Amino acid sequence: HETISKEVRMNATKEAIIVLKDFRKEFGQKLVLDKLNLTINQGEIFGIVGMSGSGKTTILNSIIGFYQPEEGDILFKDGNDYKSVYKHTLKVNSLFGFACQQASVYPRLTVEENLDHFGSLYNLPRKQKYESIQQLLKLTKLEDSRTRLAVNLSGGMQKQLSIACALIHSPKILILDEPTSDLDPMLRKQNWDLIKRINENGTTVIIASHFLEELEHTCHNMAILHNAQIVAIGSPDELKDNFSKNYQIHLETEQADYKQIIASLKAYKNIITNSEVQDNRLILHTPKPDAALHYVLHTLHVTKQKLADLYVSKPSLNEVFASLTQEK
């Protein structure tokens with residue numbers, strides 16, 4: 001362990017707060033995680049994505065020390081040292097908060113009673129517990145619902161309460177498993193906004209989720225899991241840049257005569273490398289969007305088609321994910 005800790009100090013950035021070192025996990029004969037190496041930095045929102053059964057929840061449960069590995073270790077930063085989560089359980093309990101996929105609250109207790117109960121589990125002094133409850137009610141916007149039974153809350157509010165209970169002891173690291181699953185788009189947005197507010201208060205947040213487009217606008221860095229391994233890691237922009245240097249021009253015309261446009265644009269195959277039609281829209285791929293747009297507008301003028309919509313974008317994170325998992 002001392003060797004691993006020394007190695008982490010040498011190789012990890014100063015901001016590293018969680019380090020997975022050659023982590024291997026099996027369930028019976030099934031290999032779930034294969035010698036993962038991963039660094040999560042202090043103060044960031046870190047996303048873990050993967051298909052169902054890829055090991056996302058296993059990583060989260062391992063980070064809090066619940067699952068013992070077959071090989072390797074998981075270290076957390078405590079002061080200037082890195083310690084194993086498996087050898088310092090009490091410290092892990094004080095530094096980490098965890099909210100699982102299903103809201104873990106007591107349905108027959110009120111919002112305030114739930115927070116009070118979880119505060120008591122951490123032996124918080126009465127004054128500290130009271131102040132923490134008031135802060136969390138405000139943070140999660142549950143102040144007006146403090147006397148409501150948890151069973152009478154909406155699904156989104158129950159998840160917010162579950163997150164609040166995980167924060168009652170002011171952990172430095174909050175771990176969330178599918179925090180917006182089974183919620184409608186409006187409630188998902190409210191919960192993502194809550195996660196951002198928590199992070200802005202200085203808490204490192206680690207999230208497993210399958211809502212890639214929402215993670216793209218929330219996370220500072222992400223890891224993509226597939227076949228028991230991390231196949232890509234980086235910021236959303238880095239992942240998209242590594243996947244493709246091309247931009248996409250999304251074009252829609254009133255006539256929708258895209259065969260004519262495609263035929264005309266073949267003269268510029270060095271600029272426009274590929275084309276496809278999706279949902280009555282022409283999508284053009286190009287490494288040089290400025291030049292491509294010039295040729296596209298010229299072609300529309302020549303073919304006498306009236307422009308209805310036009311925008312330029314990078315490939316979506318969903319496309320990156322699909323490409324990586326299919327290739328692997």
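Since this is a predicted model, take the numbers as computed values, not measurements. (Residues numbered from 1 in each chain as written. Predicted model: local features only at pLDDT ≥ 70, side-chain atom pairs only at ≥ 80, totals over all residues. Heavy atoms only, no water.)

A. Seen up close, the sheet that holds strand E7 (residues 173–177). Ordered by their spatial adjacency, six strands build an open sheet running E6-E7-E8-E3-E9-E10, and the pairing between neighbours is mixed. Two strands bound the open sheet, and with one partner strand each, they are strand E6 (96–99) and strand E10 (229–234). Geometrically, the sheet is characterised by an average inter-axis angle of 15° between neighbouring strands, direction not taken into account. Of the strand pairs in this sheet, E7 and strand E8 (residues 204–208) are connected by five bridges, and their pairing is parallel. Note that in E8 the partner of Leu-174 across the bridge is Val-205. Across the sheet, helix H6 (residues 155–166) touches E6 and E7, and the angle it forms with E6 is around 160°. (Pairing = 2+ DSSP bridges. Helix = DSSP H or I, 4+ residues; strand = E, 2+ residues; numbered from the N terminus. Axes fitted to C-alpha atoms, helices over the stretch in contact; angles between N-to-C directions. Contact = heavy atoms within 4.5 Å.)

B. Region of interest: unusual backbone geometry. Here the phi dihedral of Ala-228 falls at roughly 70°; this positive angle occurs in a residue that is not glycine. Looking at the secondary structure, you find Ala-228 in the loop between strand E9 (221–226) and E10. Accessibility expressed as a relative area gives 8% for Ala-228, which makes it buried. A positive phi angle, close to 55°, is found at Ala-256, a residue other than glycine. Among the structural elements, Ala-256 can be located in the loop between strand E11 (247–253) and helix H10 (258–265). (Buried < 20%, exposed > 50% of the residue type's maximum accessible area, 1.4 Å probe, protein only.)

C. Just the nonpolar core, in detail. Ranked by size, the top nonpolar core spans 43 residues in total, and within it Leu-115, Leu-161, Ile-163, Leu-176, Ile-198 and Ile-207 carry the most contacts. In terms of residue count, H6 provides more of this core than any other element does, six residues in total. Excluding its chain neighbours within four sequence positions, the residues that come into contact with Leu-161 are Val-105, Val-111, Asn-114, Leu-115, Leu-142, Ala-150 and Leu-153. Counting 27 residues, the second largest nonpolar core, distinct from the first, contains Phe-76, Val-85, Val-92 and Ala-223. (Core = buried A, V, L, I, M, F, W, Y, C linked by side-chain atoms within 4.5 Å.)

D. Seen up close, the pairing of strand E2 (residues 30–41). Across eight bridges, the pairing between strand E1 (residues 16–27) and E2 is antiparallel. Among the inter-strand pairings, Phe-27 is bridged to a residue of E2, identified as Lys-30. Turn length for the E1-E2 hairpin, with the two strands adjacent in sequence and antiparallel, is two residues, and the turn residue Gly-28 shows positive phi of about 65°.

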